Structures are given as C-alpha cells and as structure tokens.
Protein chains: 2
Amino acid sequence: MYRPFQLEDAKAYVRQSSLFAPDEPLEAQDLADGNVNYVYRVYNPARPDDRSVIVKQALPYARIVGESFPMPLDRARIESRALEVEKTYCPDLVPRVYRYDPEMALTLMEDLRPRIIMRAGLIHQVRYPRFAQDLGRFMARTLFFTSDLSLDSDAKKRQVVEFTNPGLCKVTEDLVFTHPLVDHPGNRWNPLIEGDVRRLQKDELLRAEVADLKMAFMTRAEALLHADLHTGSIMISEQDTKVIDPEFAFVGPMSFDIGTLLGNLALAWIAQEFHADDPERRRSYRQWIEGAMREVWETFSREFTALWEERAHPEWPRRPYRDTFLARLLQESAGMGGAELIRRVVGLAHVMDLESIPDGERRAVAERMAISAGRTWIMERRGVHSVDDLVALVRTARDTVLAA
Amino acid sequence: MYRPFQLEDAKAYVRQSSLFAPDEPLEAQDLADGNVNYVYRVYNPARPDDRSVIVKQALPYARIVGESFPMPLDRARIESRALEVEKTYCPDLVPRVYRYDPEMALTLMEDLRPRIIMRAGLIHQVRYPRFAQDLGRFMARTLFFTSDLSLDSDAKKRQVVEFTNPGLCKVTEDLVFTHPLVDHPGNRWNPLIEGDVRRLQKDELLRAEVADLKMAFMTRAEALLHADLHTGSIMISEQDTKVIDPEFAFVGPMSFDIGTLLGNLALAWIAQEFHADDPERRRSYRQWIEGAMREVWETFSREFTALWEERAHPEWPRRPYRDTFLARLLQESAGMGGAELIRRVVGLAHVMDLESIPDGERRAVAERMAISAGRTWIMERRGVHSVDDLVALVRTARDTVLAA
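Residues numbered from 1 in each chain as written. Chains lettered and ligands numbered in written order. Predicted model: local features only at pLDDT ≥ 70, side-chain atom pairs only at ≥ 80, totals over all residues. Heavy atoms only, no water.

Of the regular secondary structure elements, chain A holds 14 helices and 12 strands. The C-alpha atoms of chain A give 21 Å as radius of gyration, which agrees with the globular expectation for 404 residues (22 Å, within 12%). On the principal axes, the C-alpha backbone points of chain A span a range of 65 × 55 × 40 Å. Within chain A, contacts between residues at least 6 apart in sequence are counted, and of these 73% link residues at least 24 apart. Accessible surface, chain A as shown: approximately 15700 Å² in total, 52% of it carbon and sulfur. (Helix = DSSP H or I, 4+ residues; strand = E, 2+ residues; numbered from the N terminus. Rg over C-alpha atoms; globule rule 2.2 N^0.38 Å. Contact = heavy atoms within 4.5 Å. Areas by Shrake-Rupley, 256 points an atom, 1.4 Å probe, with all protein chains shown as cover.)

Turning our eyes to something else, we now look at the packing of aromatic side chains. Residues and elements named next belong to chain A. Taken as a whole, this structure holds 36 aromatic pairs over all chains when the rule is applied. Here Phe144 and Phe145 contribute two aromatic rings whose centre-to-centre distance is 5.2 Å and whose plane-to-plane angle is 85 degrees, an arrangement assigned as edge-to-face. Residue classification places Phe145 among the buried residues on the basis of a relative accessible area of 6%. A connected cluster of aromatic rings, assembled from ring pairs, spans Tyr89, Phe144, Phe145, Trp297, Phe300, Phe304, Trp308, Trp316, Tyr321 and Phe325. (Phe/Tyr/Trp six-rings, centres within 6.5 Å; stacked < 30°, edge-to-face > 60°. Buried < 20%, exposed > 50% of the residue type's maximum accessible area, 1.4 Å probe, protein only.)

With that settled, the discussion passes to the pattern of salt bridges. A full pass over the atoms with the stated rule returns 95 salt bridges over all chains. B:Arg363 is the partner of B:Glu367 in a salt bridge, and the nearest nitrogen-oxygen pair spans 3.7 Å. In this pair, B:Glu367 and B:Arg363 are both assigned in helix H13 (residues 360–379), four residues apart and thus about one turn of the helix distant. Neither residue differs from the other here; B:Glu367 and B:Arg363 are each classed as buried. Several salt bridges converge on common partners, so that one network encompasses A:Glu209, A:Asp212, A:Arg381, A:Arg382 and B:Arg328. (Salt bridge = Lys/Arg side-chain N within 4 Å of Asp/Glu carboxyl O.)

For the rest of this paragraph, the subject is the relation of the copies chain A and chain B. Note on the identical chains: chain A maps onto chain B by a rotation of 180 degrees and an axial translation of 0.0 Å, with an RMSD of 0.0 Å. Here the symmetry operator amounts to a two-fold rotation axis. Of the C-alpha atoms belonging to chain A, the one lying closest to the rotation axis is found on A:Arg220, 2.3 Å away. Mapped onto chain B, 100% of the interface residues of chain A are again interface residues, and the two copies thus contact each other with one and the same surface. (Least-squares fit on C-alpha atoms with pLDDT ≥ 70 in both.)

What follows covers the nonpolar core. One recurring pattern in soluble globular proteins: nonpolar side chains tend to sit buried together. In terms of nonpolar packing, the biggest core is built from 239 residues, with A:Phe131 and B:Phe131 touching the most fellow members. Filtering out sequence-adjacent residues up to four positions away, A:Phe131 remains in contact with A:Met118, A:Ile234, A:Ile236, A:Thr241, A:Leu261, A:Leu265, A:Trp288, A:Ala292 and A:Val296. (Core = buried A, V, L, I, M, F, W, Y, C linked by side-chain atoms within 4.5 Å.)

All right, on to the sheet that holds strand E3 (residues 52–58) of chain B then. Residue and element names in this part refer to chain B. Judged by pairing direction, the sheet is antiparallel, and its five strands sit side by side in the order E1-E2-E3-E7-E6 without closing on themselves. Either end of the sheet is taken by a strand with one partner, and the two such strands are strand E1 (27–30) and strand E6 (97–101). Strand-to-strand, the axes of this sheet are offset by a mean angle of 20 degrees, without reference to chain direction. Sheet analysis places E3 next to strand E7 (residues 106–110), joined by five bridges and oriented antiparallel. (Pairing = 2+ DSSP bridges. Axes fitted to C-alpha atoms, helices over the stretch in contact; angles between N-to-C directions.)

For the rest of this paragraph, the subject is the sheet that holds strand E7 (residues 106–110) of chain A. Residue and element names in this part refer to chain A. Read from one edge of the open sheet, five strands run E1-E2-E3-E7-E6, paired in antiparallel fashion. Each end of this open sheet is capped by a strand with a single partner; those strands are strand E1 (27–30) and strand E6 (97–101). Averaged over all neighbouring strand pairs, the angle between strand axes comes to 20 degrees, with direction disregarded. Set on the sheet, helix H2 (residues 75–89) makes contact with strand E2 (37–43), strand E3 (52–58), E6 and E7; between it and E7 the angle comes to about 30 degrees.

The end-to-end C-alpha distance of helix H13 (residues 360–379) of chain A is 28 Å, a good match for the 28 Å that 20 residues give at a rise of 1.5 Å each. Inspection of H13(A) places A:Arg363, A:Ala364, A:Ala366, A:Glu367, A:Met369, A:Ala370, A:Ile371, A:Ala373, A:Gly374, A:Thr376, A:Trp377 and A:Ile378 among the buried residues, and these make up the whole buried set. (Expected span 1.5 Å × (residues − 1).)

The next subject is the confidence of the model for chain A. Per-chain confidence: chain A averages 96 in pLDDT, with 100% of residues scoring 70 or above. The ipTM assigned to the predicted complex is 0.96, against a pTM of 0.97. (pLDDT = per-residue confidence, 0-100.)

Checked against the element boundaries, A:Ala208 lands in helix H8 (residues 204–219). Relative accessible area serves as the criterion here: at 7%, A:Ala208 is assigned to the buried category. A C-alpha to C-alpha distance of 9.9 Å links A:Ala208 and A:Met379, two positions 171 residues apart in sequence. In this structure A:Ala208 touches B:Pro317, B:Pro320 and B:Tyr321, once residues within four positions along its chain are discounted.

For the rest of this paragraph, the subject is the interface of chain A and chain B. Across the boundary between the two partners, chain A contributes 35 residues, which contact 35 residues of chain B. Counting the surface lost from both chain A and chain B, the interface buries some 3100 Å², and carbon and sulfur atoms represent 66% of this. Joining chain A to chain B, the criterion identifies six salt bridges. Between B:Arg328 and A:Asp212 there is a salt bridge whose closest N-O contact spans 2.5 Å. Our count for the chain A to chain B interface comes out at 10 residue pairs in polar contact (both at pLDDT 80 or more). Secondary-structure elements contributing two or more residues to the side of chain A that touches chain B are helix H5 (153–162), helix H6 (166–178), H8 and helix H11 (321–346) of chain A. Taken together, the residues that form the side of chain A that touches chain B break down as 16 nonpolar, four polar and 15 charged. (Buried area = accessible area lost by both parts, 1.4 Å probe. Polar contact = N/O pair within 3.5 Å; in protein donor to acceptor, adjacent residues only side chain to side chain. Nonpolar A, V, L, I, M, F, W, Y, C, P; charged D, E, K, R; others polar.)

Turning next to the domain arrangement of chain A. The figure often quoted for interface size is the accessible area lost as the parts come together. Residues and elements named next belong to chain A. What the domain assignment lists for chain A is domain 1 (7–110) and domain 2 (116–403). The distance between the C-alpha centroids of domain 1 and domain 2 comes to 27 Å. On the domain 2 side, the residues contacting the 22 residues of domain 1 number 27 residues. Contact with domain 2 buries area across many residues of domain 1, yet Ile78, Tyr89 and Leu93 alone supply 30% of it, more than any other trio. (Domains from an automatic or database assignment.)

Written out as structure tokens, the structure is:
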C-alpha cells in the first residue's frame, strides 16, 4: 500500500534492502532538491563516499506546488524503465538502479555525489571537458536505437504503449507550449518586462509556429525521449556525466530533447553577460558554451549518421534521405529550443541561470535577450543550416537588446 | 475457443443471435469477396432484402494468400471499435454493427446490399452524386474529432494505445512503402513495363521521398485513420454511401486517408482512357471523376475548417496556423496518394480498374500513366497548392506517356 516516506521510512526501507551489511550504521538526509519528488540520501556515516544510496519517491502531486498540481505515481515506473533503456545504449551515462518498487513508486539508485547539477556548474563558470561529447552520444544512441530506424515495427509500437505518459506529457504541453503565450495564472515574469511579454503574447505568427511545435510534440512518435533534458537533469563533474530524472520519458519528436538541451545552453550563455566578474573571463566562458553547443550537435550528428550507416534497417535508404532528415531535425530542434527559451522567462518554471542575477534591471535585459533569441530560433528555424546559425541568432539577440 | 467458421457455422451462429425470429427460415451464402476474411451472408430467403445479416470473421492469416501471410485476429476488435468511433461522428456513413464476438474474431453487421463496391461502379462509369460530399465529410469529421484538436490530451493518448495495430500497420509499411521500390518477391507487374519499374526502383531521390512518407506513416499519430480508404472500401449507390472494413485503423497521419482516396480516384481516371466505349463518354466520365476529386478535398477542407473554428480546443490558434496546417496536409496527401498509385502497379495488391483492361499493351500504357502520376505527386508535392494541381499532374502524366 503506497504511502509517502519520511526520512525514517527511507532509512528503514534501505535497511531491509540488503544493499548494506546488517550491522552497518545508517544515516538519512532529506535532499529536498527535487521539484516534484521526495529525494533522500541514506548512507554509512563512516564511509559516506562509497556507502550511500539515493531513495527517490514519487508523490501523487508536484512537491514544489502541492496537491493542486497532481502528477501520477506512474512516473516512477516510466523513470525506472527509461533508465533501463538508456543503460542499454549508454551504460556509463545514467545512474545505476538498485531496485524499483512499483507499490511505493520508489527507486533506489546510485548516489551520484560528488557530481553536481550542471546548471549550478554553468553558473559558476566550470568547464566540463566531457559534457558535449557525452550528451551528443547520449542523444544519438538513445534516439537512434529507440526509433523506427533501428527497432522492429512491432517492438516500436509496443514501446509507444509502454511509455504512454499522459500526465507528464500534459505538464509539458501546458507549461512549454500553451501557457506562456496566453494569459494563464501559472505564468510569472519580471514586472520590468511586462511590455515585452504582452507583445509576445499578441504575436499571432509566433503563436502559429508554437502551435505547430506543440502539435509535433503531441503527435510525432519518433523515439524514446528523455523529454526533460535541460542542464538541471545532468549531474556532472570534470571526469564524467550522468543524465538523470527521465520521468517525463515518452515516444516523441527527437527535436524536443536536442532543442531543450541547446536552449538551456543558450540560457547559460545569455546569463554570463550579467556575471559580476571581469569581462574577459565572461567572454571566454561564453566561448566555451558556444563550443559546447557546436560539439553537442556535431557529436550527435556524426554518431547518429554512423549508426544509420551501420545499423539502420536496410529498408531505410542512406543518403540523400539521411541528410534531409538531419537538416530538418536541426531546424525543428531550433524551434523546440526557442519554445524552451521563452517559457523559462514567462512561464511557471524559471531557471537559476537567470533567476540568480540579483539586480532586476539587469535581469530584465537578460530576459529580453532570452525572449528575443527564442523568438528568432522559432521564427527563423527554416533558415537554420548549421548549429553556428543558432549561435549567431543568440548573439544577434544579445546585440539587438543591448542596442535598444 | 476460436475456430474458423464454415457456411453452416455462420448460419447456426446467426440462428442463436436473436436477430431473427425462432421460426424464420435462414439461408447462408459465402460471399468470398474479402481478401483476408471470411464473409458470409445469412438471410431469410422469403425476404432477402430486409431480413439479412453479414457474418465477417477474421482468420489468423490473409485468406487470399494463405497461412504464409499471417494477420492477427485482433483486427476484428480494431474494426468493430473503429466502426463505433466512426458511427459517433458519421452514423449514416458506416454499417450498423449488431454484435462483436472477440472469441470468434467475428462481427455481425448490416447487409449493405444492394449497394456495390464503388471500384466496380467506377469501372462501369456510374456517377454517384453523393460520394464526394459523403467522403469529404467522413474524413473531416473522423479525422478532426479523433485528433488533438478535439480530444483531450489524455483521451488522445488512450486512443493511440487502444488502436495499436502492429500487424496490419506492418502490412501497409511493407506493401505500400517498402516493397514496391526494392526487389521483393511479393512484387508483380506487367512484363511490358519491366524497364519502367527498374528505372523507378533505381530512382534514389524518389526512394528518399517515399522513405520520408513511410516515416510519417510510422511516427505521426495525428488522428484515428480508416487506413485502407480506397474505393474498394466503399459500398455505394446513387442514394447513399457506406465506408466499410476499417480493420487497418490506427492513429496515424491524416494525409494517408486523404491520399489513398485521391490516389484511387486518379487510378479510376487513368483506367477510363482504355474503356472500350465511345471517347465522348469516357471524356465526360473522366470529368466527373475530376469533379469528385475536387469536391472530396473541398468538402473535407471546408468542414474541417468549420469544425476547427467552432469545436477545436481554445488552446489551438485559428488562422494563420489552420491555413498552414491544411496547405501542408494537401501536400502530404499528394505524397501518400503517389505511393498508392505506384504500389498498385508494381506491388503485391493490384486494382481492378487497371487489371480489367484486357489488352496487355494497352494496360501497360495505363500503368505507365499511373507510375508517372504517382511519381510526380510525390516529387512535386511541395509545389501543390490546390487539388487542381493534383488533377493537372495526372493529366500531364497521361499526355507525357501518350506522347512517348
């Protein structure tokens, strides 16, 4: 019988899991860093670095909002199964799962400490030499092997059924695509950009394009997505990278994962402008982020191409279809990334990259840049032919806002 | 326990169905006109016109091919459920279902006699004054109301699961999109067009576009399709129209239904050229078919637009997105129709429109026209802006082949 765990429940649960020796001392700690779940660490205080486990439990609502925001417990099943699939293709890039308990909607998994959430690392200008290749490879392999290019027709359709995730898809449909461009009580924004937001919400051409992207999100069952692939879903160090929290996973358009990741890198880039350190350091870190954006796409594109060449069902032609497919994928990713850029400024869920800019006026400038970059990523996506075009649109958005 | 029915089984089954009075005399007849199922008529010989019922039973393989071509019995469930959904939106356009028996994979349904299969009527140059409006309305209503424009997000996703139809989707994936353009033993064609077929199968640009259409068929869960909407799935008279046999139903791209129907009308148009009657009559009937193609699309487009205006979830913008949506839908329908035109000449399943042309040389000319029209519908679809453009491409294909 499901019941939400308190700290002591988590400890008792781990105690009887046989992950620890019967006489091992255990401590528990409430990490309280999930927006929607309970997350506890249970560890041996004598050896916290190697004798430690994470207890993650879904609640029937979003923890950060409360019972007014219901979220199905089934997301624990989705997450544990998505981690299994991802592990098949990228064993080094996901946390180990020790146990999934459907009754308690609970997963025991690897403690990824001392890695930190990448978004925090970006804010502190840490360079992660493996990040771009790891994420490019993660997306190439998970998206390729779960698509019709690789799976048998029947297995693909069973995968769609298994990962049917209506509750969490609806959250994305609402928060990313619908609410930000209409008058919705969940939206919030810096009062200093009120005029910009109202202009955005009256832009009928933009609303048409975002509707088109939303329709793609809702109808295009291309591959098993992580579906929440922002820099807050990555635990990272300079040595390695782990992609966590795939509870939004469903079979959707590949562009959504790619666009979400690139959009969040663009947010990190924009936020750098307003860091309180010397301009040279900011400029240099922005260059590192630009390089990461390029390398994410280029690694993805190179690995995806190689997999298609070597592993796709023979019934799928190689060139020229593959080139068209990838060119369109980049364009659609730009659109998805643009929707992410906008919703992180005007929707319900903001990001620390921008929120951590203490001065409201300066933050407003950054937010205008994000809106402007998001808008052009969406509206000009059909003219995007390389990831450099995306970087250039972000730079233009910055220059335009600074000149205004 | 499932068992295939013989004539006497069908009669006995109907006898205990309470559809007939206990003392009513019953006769049974094997209609043997399904490619894949058993179809029996059971009727009161004293009143065959109003006391008659159809017994349709799925076999675990395609009847016309044999056990080497397995087809899941689950298609009987899909068909009966699809008929229910279609009845909700177009009660006058589908047969009544009296009973669905999951154990026997069997449906008792309305006998649609004296209506005939529309393909036969077209071959005999019958004009059906209600056809185009009926089918335009059928597609507009079934596709709109089962799409994300109308259904709640959650209900739509449940519909995808309910209509997961891997066995029959695979048949279409293979027979329409894959086999015709590769060397496959199931393909067959008139030996007189050998050269044309080999050229077609070497056309890498065409293969890329057909792969793109196949990917759309496999991934785009837009609406509940009939998914086999050719003129052999329509029982018709001058008074009314019934759409039958939705056993291929699944949630797929709207363009597939529209394109299949328009493609089959184009096949009927092409076949008229070779009718053994006076040219004026043929010309006049071709004009009727052209008018029907226009009216199918225009009725569809008008009704779909009105539904969108009045009934779409308010979160979906109206214009300009709706206009873009419909413009792209026509272009993609051209592609799907083009694939249908080609596969009916070079694939496994041919059509009587062309097969009934007795002279092989004359049939070869018609077949070349169909291939040429199909190829241009696919390759030039992004330049299609009205249904007249589609008609014009068929006329051009005819003129080109005749001039060669």
